[in-house]
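Summary of the model geometry
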Amino acid sequence: MANQVIHPASAMDFMPVEKLRALQLERLQQTVKHTYDNVPLFRQRMDARGVKPEDVRELKDLAKLPFSIKTDLRDTYPYGLFAVPLKDVVRLHASSGTTGKPIVVGYTKGDLEVWENAMVRALAGCGLHAGDVAQVSYGYGLFTGGLGVHQGFQALGATVVPASGGNTERQIMLMKDCGVTCIACTPSYFLHLTEKAQAMGVDLRELPLRAGIFGAEPWTNEMRERIESVAGIKAYDIYGLSEICGPGVGCACEAQDGLHIFEDHFYPEIINPETGEVLPDGEEGELVFTTLTKRAIPMIRYRTRDITHIRTDVCSCGRTIRRIAQIGRRSDDMFIIRGVNVFPSQIETAIMKVESVLPVYQIILTRSHGLDNVEVNIEVNESLFHDNVAGMEEVRAKISHAIESTLGIRVIVHMLPPNSIPRSEGKAKRVLDKRDLNA
Ligand code: DLL
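Residues numbered from 1 in each chain as written. Predicted model: local features only at pLDDT ≥ 70, side-chain atom pairs only at ≥ 80, totals over all residues. Heavy atoms only, no water.

1. A short note on the sheet that holds strand 17 (residues 357–368)
With mixed pairing, four strands are arranged side by side in an open sheet as 19-18-17-20. The open sheet is flanked by strand 19 (412–416) and strand 20 (431–433), the only strands paired with a single partner. In this sheet, neighbouring strand axes are inclined to one another by 20° on average, regardless of whether the strands run parallel or antiparallel. The pairing of strand 17 with strand 18 (residues 371–380) spans nine bridges and is classified as antiparallel. Residue pairing in the sheet places Ser368 in a bridge with Leu371 of strand 18. (Pairing = 2+ DSSP bridges. Helix = DSSP H or I, 4+ residues; strand = E, 2+ residues; numbered from the N terminus. Axes fitted to C-alpha atoms, helices over the stretch in contact; angles between N-to-C directions.)

2. Description of empty space enclosed by the protein
Within this structure, the stated rule accounts for three cavities of 30 Å³ or more. Computed from the structure, the largest cavity encloses a volume of approximately 120 Å³. Around the largest cavity, the lining comprises 13 residues; the ones closest to its centre are Val39, Phe42, Ser68, Leu81 and Ile300. At three residues, the largest contribution of residues to the lining of the largest cavity is made by helix 2 (residues 40–49). Here the lining of the largest cavity is composed, by residue class, of nine nonpolar, two polar and two charged. (1 Å grid on protein atoms, 1.4 Å probe; cavity = no way out; pocket = protein on both sides within 12 Å on 5 of 7 lines; lining within 4 Å. Points joined across faces, edges and corners; volume = space filled by probe spheres on them. Nonpolar A, V, L, I, M, F, W, Y, C, P; charged D, E, K, R; others polar.)

3. What to know about the domain arrangement of the chain
Under the domain assignment used here, the chain contains domain 1 (1–331) and domain 2 (335–433). A straight line from the C-alpha centre of domain 1 to that of domain 2 covers 30 Å. Across the domain 1/domain 2 interface, buried area totals approximately 1600 Å², and carbon plus sulfur atoms make up 54% of it. Three residues stand out in domain 1 for area buried against domain 2, namely Glu222, Met223 and Arg226, and they jointly supply 31% of the buried area on that side. The tally of links between domain 1 and domain 2 comes to one salt bridge. Glu195 serves as the salt-bridge partner of Arg423, at 2.6 Å between the closest nitrogen and oxygen. Counting the contacts that link domain 1 with domain 2 gives ten residue pairs in polar contact (both at pLDDT 80 or more). Put simply, the parts of the chain that give the side of domain 1 that touches domain 2 at least two residues each are helix 7 (187–199), helix 8 (221–231) and strand 14 (329–330). The element that contributes the greatest number of residues to the side of domain 1 that touches domain 2 is helix 7, accounting for five residues. Of the residues contributing to the side of domain 1 that touches domain 2, the split by class is six nonpolar, eight polar and six charged. (Domains from an automatic or database assignment. Buried area = accessible area lost by both parts, 1.4 Å probe. Salt bridge = Lys/Arg side-chain N within 4 Å of Asp/Glu carboxyl O. Polar contact = N/O pair within 3.5 Å; in protein donor to acceptor, adjacent residues only side chain to side chain.)

4. Things to note about helix 7
Because each turn of an α-helix spans 3.6 residues, side chains separated by three or four positions in sequence point in the same direction. Between its first and last C-alpha, helix 7 extends 19 Å over 13 residues, near the 18 Å set by a 1.5 Å rise per residue. Considered for burial, the residues of helix 7 that qualify are Pro187, Ser188, Tyr189, Phe190, Leu191, His192, Leu193, Thr194 and Ala197. Looking at the buried side of helix 7, the elements it contacts are helix 6 (168–177), strand 5 (182–185), strand 6 (211–215), helix 8 and strand 17. In the segment just after helix 7, Gly201 is the residue with positive phi, at about 75°. (Expected span 1.5 Å × (residues − 1). Buried < 20%, exposed > 50% of the residue type's maximum accessible area, 1.4 Å probe, protein only. Contact = heavy atoms within 4.5 Å.)

5. Thoughts on the layout of surface pockets
The calculated volume of the second largest pocket comes to roughly 640 Å³. Considering the residues around the second largest pocket, the lining is formed by 23 residues, among which Thr194, Glu195, Gln198, Val230 and Leu358 are closest to the centre. The greatest single-element share of the lining of the second largest pocket, amounting to seven residues, is contributed by helix 7. Per-class residue counts for the lining of the second largest pocket are nine nonpolar, eight polar and six charged. Counting residues domain by domain, the lining of the second largest pocket receives three or more from each of domain 1 (1–331) and domain 2 (335–433).

6. Looking at the packing of aromatic side chains
Applying the stated criterion across every chain yields a total of six aromatic pairs. Here Tyr107 and Trp115 contribute two aromatic rings whose centre-to-centre distance is 4.9 Å and whose plane-to-plane angle is 10°, an arrangement assigned as stacked. Summarising the aromatic geometry, the rings of Tyr239 and Phe289 are spaced 6.3 Å apart at their centres and angled 35° between planes, so their arrangement reads as tilted. A residue pair is termed long-range when its members are at least 10 positions apart, and Tyr239 in strand 7 (residues 234–241) and Phe289 in strand 11 (residues 285–291) qualify at 50 residues. Through successive ring pairs, a cluster of aromatic residues spans Phe190, Phe214 and Trp219. Lying across the ring of Phe67, Arg303 places its NZ or CZ 5.4 Å from the centre. Positioned over the ring face of Phe343 is Arg329, at 4.2 Å from the centre of the ring. (Phe/Tyr/Trp six-rings, centres within 6.5 Å; stacked < 30°, edge-to-face > 60°. Lys NZ or Arg CZ within 6 Å of the ring centre and 35° of its normal.)

7. Digging into the site of the ligand
Near the ligand you find 20 residues, and of these Asp237, Ile238, Ser242, Asp306 and Lys427 are the closest. At a separation of 2.7 Å, a nitrogen atom of the ligand approaches a polar backbone atom of Ile238. Residue Lys427 places a side-chain N or O atom 2.8 Å away from an oxygen atom belonging to the ligand. Protein chains bury 94% of the 610 Å² of accessible surface belonging to the ligand in isolation. If you list the elements that add at least two residues to the shell around the ligand, you get helix 5 (144–156) and strand 7. Considering every element that reaches the shell around the ligand, the biggest residue donor is strand 7, with five residues. Counted by class, the shell around the ligand contains nine nonpolar, five polar and six charged residues. (Near = heavy atom within 4 Å. Areas by Shrake-Rupley, 256 points an atom, 1.4 Å probe, with all protein chains shown as cover.)

Structure below.
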């Protein structure tokens with residue numbers, strides 16, 4: 001890209017591919033040995049397959065290694081997958097998930113440096129730099145979002161405003177008074193901030209705010225466009241997960257066309273989720289990561305359940321590290337309605353195309369007389385409620401049609417006035433499954 005200023009930490013992003021592959025292999029061999037020597041669960045699985053660390057001679061030998069999954073962390077809670085003594089672990093984070101015990105992850109000092117390096121490269125790739133004033137509105141605490149993004153901005157030399165989540169009016173005040181140029185939070189929380197700003201008479205487009213670093217939940221390009229136009233900013237997609245490190249496993253660049261994976265630290269594969277077979281770049285499947293530089297919890301072939309593909313075209317920014325397509329869905333997000341597989345992101349894409357629709361919705365699954373129904377609660381412009389009934393019916397028909405032509409099933413649409421659906425300060429809960437209640 002023309003006039004691109006490259007941050008020194010970003011040099012790795014532009015490494016010749018052959019050199020990168022050699023570095024990955026060397027790091028993979030070290031990681032497999034370290035994990036085999038120190039994590040009993042991994043050693044047992046390798047032994048059961050008759051595979052030794054020395055059998056990893058090239059990158060494609062990764063396919064010989066066993067997968068790991070979220071329940072491995074849960075079953076060995078809290079420290080069973082740690083590969084170093086606890087005295088070498090300087091930080092813990094945890095992810096609660098929806099059910100049961102949380103999973104606990106740990107970091108050595110070196111691991112925190114790895115994380116910081118990935119975060120700096122992520123932020124620099126979005127055109128952020130020393131001198132930016134960055135408000136971090138991801139939750140601080142056991143969640144990796146707040147502290148992870150914080151350390152990246154700090155290392156970049158930005159002025160960090162550690163706002164954490166919540167207290168939305170104060171967030172707007174800080175943004176305005178402190179001259180914030182970049183905000184980091186979930187896309188759904190940022191939408192809530194934009195509504196609150198409007199209610200407070202603050203026009204975000206008149207503030208110095210120019211970029212948002214949004215992630216931690218699936219969102220669509222249609223949602224990104226809405227955010228960019230309402231706030232007058234560039235909205236960048238950042239990806240990560242606690243098990244692999246936290247935010248900064250991958251991130252969009254200024255080209256905003258997919259997310260670059262910092263693959264000298266996190267090696268990506270795409271597999272067929274049914275068979276476990278490795279798929280070639282370009283084919284859609286489940287994203288799997290192997291960490292190449294982390295010591296406290298090295299992860300071998302961790303199945304993320306996130307569905308995407310690795311892009312095969314070269315990014316216009318010139319980075320040689322590979323990109324994944326935006327992650328719109330997880331394999332466990334899917335629900336089946338009358339035999340049709342449905343992902344919430346398909347509904348989001350369809351409804352965002354309809355004018356008068358606000359980007360706030362909830363999908364409710366119900367059951368009556370043994371049949372499953374999808375109900376979509378969606379907020380629409382206040383003015384619509386002052387309109388005539390025909391006007392409202394026209395919008396309802398447009399929404400129904402948009403969803404039905406995407407999914408091929410009928411849904412029940414409820415149009416609600418603004419501020420009817422509960423807002424979240426972190427990850428939005430899009431689907432409420434009430435089928436057990438009214439079976
Ligand atoms: O959400 C880490 C994070 C914090 C990422 C802040 C970005 C920004 P977990 O709580 O462990 O970690 O949740 C990880 O969230 O497997 C995806 O399903 C989802 N996710 C994260 N980022 C994105 C994204 C953090 N940009 C899980 N797009 C992942 C879609 C995302 N899904």
